[in-house]
Amino acid sequence: MTEPIARPPKKDPQKVTRPPELPPVQRSRAALAMSAAAARGVFALQRCAACGEIAYPPRDACPKCLSQQLAFEPVADGGEVIAETIIRTSTDLYFRQRTPWRIGTVRLDCGPSVVAHLHGDVTAPSRVRMVSKLDKSGNAVLMALPERETENMADDPELRELTASPKFRRVLLTDGRGAVGQAVAAALSKAGASIVFVGIAEPWKPFPGQEQLAAIPNVQIMELDLTDTISVRELSGEIGGKTDIIVNTADHVRPGGLLAQGNLVTARDSFDVNVFGLQRLAQAFGPGMRARGADGTNSAAAFVDILPVYALANTPDFGFYSASAAARHSLLQCLRAELRPGGVRVMSIFTGPVEDDWRQHVPPPKVSPGKIAEAVIAALNGGIEESFVGDVAKDIAARFLDNPKVLERELGL
Amino acid sequence: MAGTGNPRRGYRDVAVAVPVTVPYERYSIQPAHWWIARALKELTECADIRPTDLDGLSVSSFTLVPDTAVGLTQHLGLTPRWLDNIPMGGASAVVALRRAARAVEAGDASIVACVGGDANHVDSFRKLLSSFSRFAQDASYPYGYGGPNGSFALLTDHYMRTYGATREDFGKICVAQRANALTYPHAIMKTPLTLEAYLSAREIADPIHLFDCVMPCAGAEAFLVTTADIARDLGLPHATLVSTIERHNAFPDDPIQMRGGWAMDIDELYAIAGLSPDDIDVLETYDDYPVIVMMQFEDLGFCKKGEGPDFVRSHDLTSSGTFPQNTSGGQLSAGQAGAAGGYLGMVEALRQITGQSLSQQVQGVRTALVSGFGMINYDRGLCSGAAVLQGDGA
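Residues numbered from 1 in each chain as written. Chains lettered and ligands numbered in written order. Predicted model: local features only at pLDDT ≥ 70, side-chain atom pairs only at ≥ 80, totals over all residues.

### Quick notes on the overall build of chain A
Stated precisely, the cut-off is as follows: Going along the chain from the N terminus, every DSSP run of H or I of four or more residues is numbered as a helix, and every run of E of two or more is numbered as a strand. The globule rule used here is 2.2 Å times the number of residues to the 0.38 power, and the radius of gyration it is set against is calculated over C-alpha atoms. Buried, partly exposed and exposed are defined by the number of other C-beta atoms within 10 Å of a residue's own C-beta, namely 20 or more, between the two limits, and 12 or fewer respectively, with C-beta atoms placed from the backbone. For the purpose of contact definition, each residue receives a C-beta atom placed from its backbone, and two residues are in contact when these atoms lie within 7 Å.
Counting secondary structure elements, chain A contains twelve helices and 15 strands. In summary, chain A has a C-alpha radius of gyration of 22 Å against a globular reference of 22 Å for 413 residues, a match within 12%. By principal-axis analysis of the C-alpha atoms, chain A measures approximately 65 × 55 × 30 Å. Taken over 413 residues, chain A has a buried fraction of 48%. For chain A, contacts bridging at least 24 residues in sequence account for 68% of all contacts bridging at least 6.

Structure below.
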């Protein structure tokens, strides 16, 4: 049975912070495709289109028929552990800091045998459920979980390396004025975050839900205006050293395309919040988080951004808003690479339109703030890099994967 | 099936001579080129030939990078008409011998120097691991980075579960090899090993403990392959090559390695030799971990699959015992000098059956079986080979 993790003690400033070493980073290009599937929480292995063979480790030709038509597809996740070991010594700096480390050989129901991390509640031999998750280096690794949920399962130290669980972590949520921010704050508190700092710009201005927000356990309201560099710097000076997770709920939405008259100011405002706000946040908090990626139970773990799925393709009725989302998406890719040396994950939560004042004319389906909050918690607990919330976001993502140029035309109709 | 249309043929008058060991060092500042050159120099001195008489060269080394055997020719001033570079780790010597033998038979070379040698600098083992293979990089190192210890721990765990082998059984192999090593002047390990010390050694990757692992070191091993006529003309004591096998990536559908490639080819090895396991006087197995020694007892036909533990329990594996095995201590006690580890058993067998042993000479040995095993590309060793040699004995 997994030992529940204890609430971490207050940090001793005299003690050296454990440097954020990474597990082995190098992968073949074929293996990176497995990482791409794991980034979306999918357990996928290569299947040969010619003979149906499931192949692992990732490769460039089928070991049964030499066909090169190997595509990553979701496969049955069952298997049986047939051997186990506990690694007690390693020449790798990351694992040296984390031994003993348990691994096993799992015979997958879909065919191949794989070497995998073993959850502490998995015995050998036994039936297991496989997951493919990103390790701290951002690459997919396989882990065998008990077939059925066990108590405190998420607290397993090997599994916790593959997630950004909010339990006992301190979260900064950047904008609590809206329904999305409030729902996410409540969900984070419920998920075990030890503090949820909630940013409010111009806090003297009242807003709906204000009292309920303040009443959420462990919520602390902080003054934060993402369009004001000094405001962001001041907050990072105050809480930057104890911010383990950032959830950016700020989003400046205005309708309108490129040809609408007089929208330069709103366009600039959109970019100031959605793009430069993200930049201010990353610049103020990023370096500190990157240095604290292995700092114990409440190490820095994730930078989560909630952004419209129109980051992937422009929807002309919200043309500038889409453009700011695309810039945001591009910068998240940049930030992902920049925070990776610290083992800090960047998670994109792509959403469809929510119900708000600026999208009254947008037809349903719309995403409820509660669904977005659920997705944020699921991403943190599952270590998922890209999530798509709601039917619209899922639909756009599927069309984007299928053919981005067709999607452009579909959205432009 | 491969092979049925073109069966293996035995060897005609292929001589194997001049067993050379460059004494191992735990760490050395010398590069692989230095170790290999020293082995070649000793080969020529012992055979009383000039370096230019070596018209064939077969090299195995992990640490020669960025060079291969090609670069070595210029570096060492050799002008061979036959050249081979064999990156097969523990199977290198058997494979080198097989190829050199055919070259000599065909007249493509007259005297082939086969050499395995590697450097060992303070950080070279870690660096070697990090660039070992694509599958290891993608699918084995990210899982605890135990290197070969981790892979063999899984095989050992599975073997123990399946066939009831115990740590005491593996300990018996290690203890016997240590006893043999104490008679071998070049062995790195120079103190006796008791079963108690074996059992209480620190854990490395359960069920692998410290004395299940080899000690990486620097060193080189070498021998000459030539025709029986040339060997006689040079006055070299030599063994005759009788029979060999080689196999790669055998049994890929086994969910975990329970047998090596020998199991595919072993009947042919004995059939060509006209021998049976009972005729083998001394056995040199590849022993980077004791579990693979036990598997070789099975796969080489000395007992059936799963009977390895009983076989070990019922035999004395020391040089003076009922089943002399790894008579110079194997890599477990002599040390693993990289690719030279694949040569250790071949060189030792050659000494034993030509009456030149540096370790305790096993009396009356004429027929040796040497087996090789190498390259944990992902989860299992891919290369396996074996050779039967005969000499005039001690």
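### Observations concerning the environment of B:P309
All names here are of chain B. Mapped onto the secondary structure, P309 falls in helix α12 (residues 308-313). Under the C-beta neighbour-count criterion, P309 is labelled buried, with 22 such atoms within 10 Å. Along the chain, P309 and A187 lie 122 residues apart, while their C-alpha atoms are 26 Å from each other. In this structure, P309 is in contact with Y163, G164, A165, D169 and M294, ignoring residues within four places of it in sequence.

### Considerations on the nonpolar core
Going by this rule: The term nonpolar core means buried Ala, Val, Leu, Ile, Met, Phe, Trp, Tyr and Cys residues held together as one set by C-beta atoms within 7 Å.
In terms of nonpolar packing, the biggest core is built from 169 residues, with A:A116, B:L97, B:V112, B:C114, B:F223 and B:L389 touching the most fellow members. The element best represented in this core is helix α3 (residues 92-106) of chain B, accounting for nine residues. Ignoring anything within four residues of it in the chain, the contact list for B:C114 reads B:S58, B:A93, B:A96, B:L97, B:A100, B:A222, B:F223 and B:V225. Formed by 74 residues, the second largest nonpolar core is a distinct cluster that contains A:L226, A:A301, A:V344 and A:I384.

### Let's talk about the domain arrangement of chain A
Interfaces are frequently sized by the accessible area removed from exposure as the parts join. Residue and element names in this part refer to chain A. This is how it is decided: Start and end points for every domain follow an automatic or database-based domain assignment. Charged means Asp, Glu, Lys or Arg here, nonpolar means Ala, Val, Leu, Ile, Met, Phe, Trp, Tyr, Cys or Pro, and polar covers whatever is left, Gly included.
What the domain assignment reports for chain A is domain 1 (29-160) and domain 2 (170-412). Look at where the C-alpha atoms of domain 1 and domain 2 centre, and you get two points 31 Å apart. Across the boundary between the two partners, domain 1 contributes eight residues, which contact eight residues of domain 2. Residues that form the side of domain 1 that touches domain 2 fall into these classes: three nonpolar, two polar and three charged.

### Concerning the interface of chain B and chain A
At the junction of the two partners, chain B supplies 30 residues and chain A supplies 32 residues. Looking at the side of chain B that touches chain A, the elements with two or more residues in it are α4 (124-130), α5 (134-139), α6 (147-163) and β5 (203-205) of chain B. With six residues, α6(B) is the largest single contributor of residues to the side of chain B that touches chain A. By residue class, the composition of the side of chain B that touches chain A is 16 nonpolar, seven polar and seven charged.

### Section: unusual backbone geometry
Backbone geometry follows two general trends: most residues other than glycine have a negative phi, and most peptide bonds adopt the trans configuration. All names here are of chain A. With omega at 0 degrees, the peptide bond leading from Y56 into P57 counts as cis. Take P57: it is sitting in the loop between β2 (54-55) and β3 (70-74). P364 connects to P365 through a cis peptide bond whose omega is 5 degrees. One can find P365 in the loop between β14 (345-351) and α10 (369-382). A positive phi is found at N152, a non-glycine position, where the angle reads about 55 degrees.

### Thoughts on the pairing of strand β6 (residues 113-118) of chain A
All names here are of chain A. Stated precisely, the cut-off is as follows: Criterion used throughout: strands pair if DSSP finds at least two bridges between them.
Of all the six residues making up β6, six are buried; the element is thus mostly covered by neighbouring parts of the structure. The pairing of strand β5 (residues 101-108) with β6 spans five bridges and is antiparallel. Among the inter-strand pairings, T105 is bridged to a residue of β6, identified as V115. If you look at the hairpin formed by β5 and β6, you'll find four residues sitting between the two strands, and G111 has a positive phi there, around 140 degrees. Strand direction decides the pairing type here: β6 and strand β8 (residues 140-146), joined by two bridges, are parallel. Residue pairing in the sheet places L118 in a bridge with A144 of β8.

### Let's talk about the sheet that holds β3(A)
All names here are of chain A. Reading across from one edge, β2-β1-β3 is the order of the three strands in this open sheet, with antiparallel pairing throughout. Strand pairing shows two members of the sheet lacking a second neighbour, β2 and β3, which therefore form its edges. Direction of pairing for strand β1 (residues 44-48) relative to β2: antiparallel, over a ladder of two bridges. Bridge pairing in β2 links R47 to I54.

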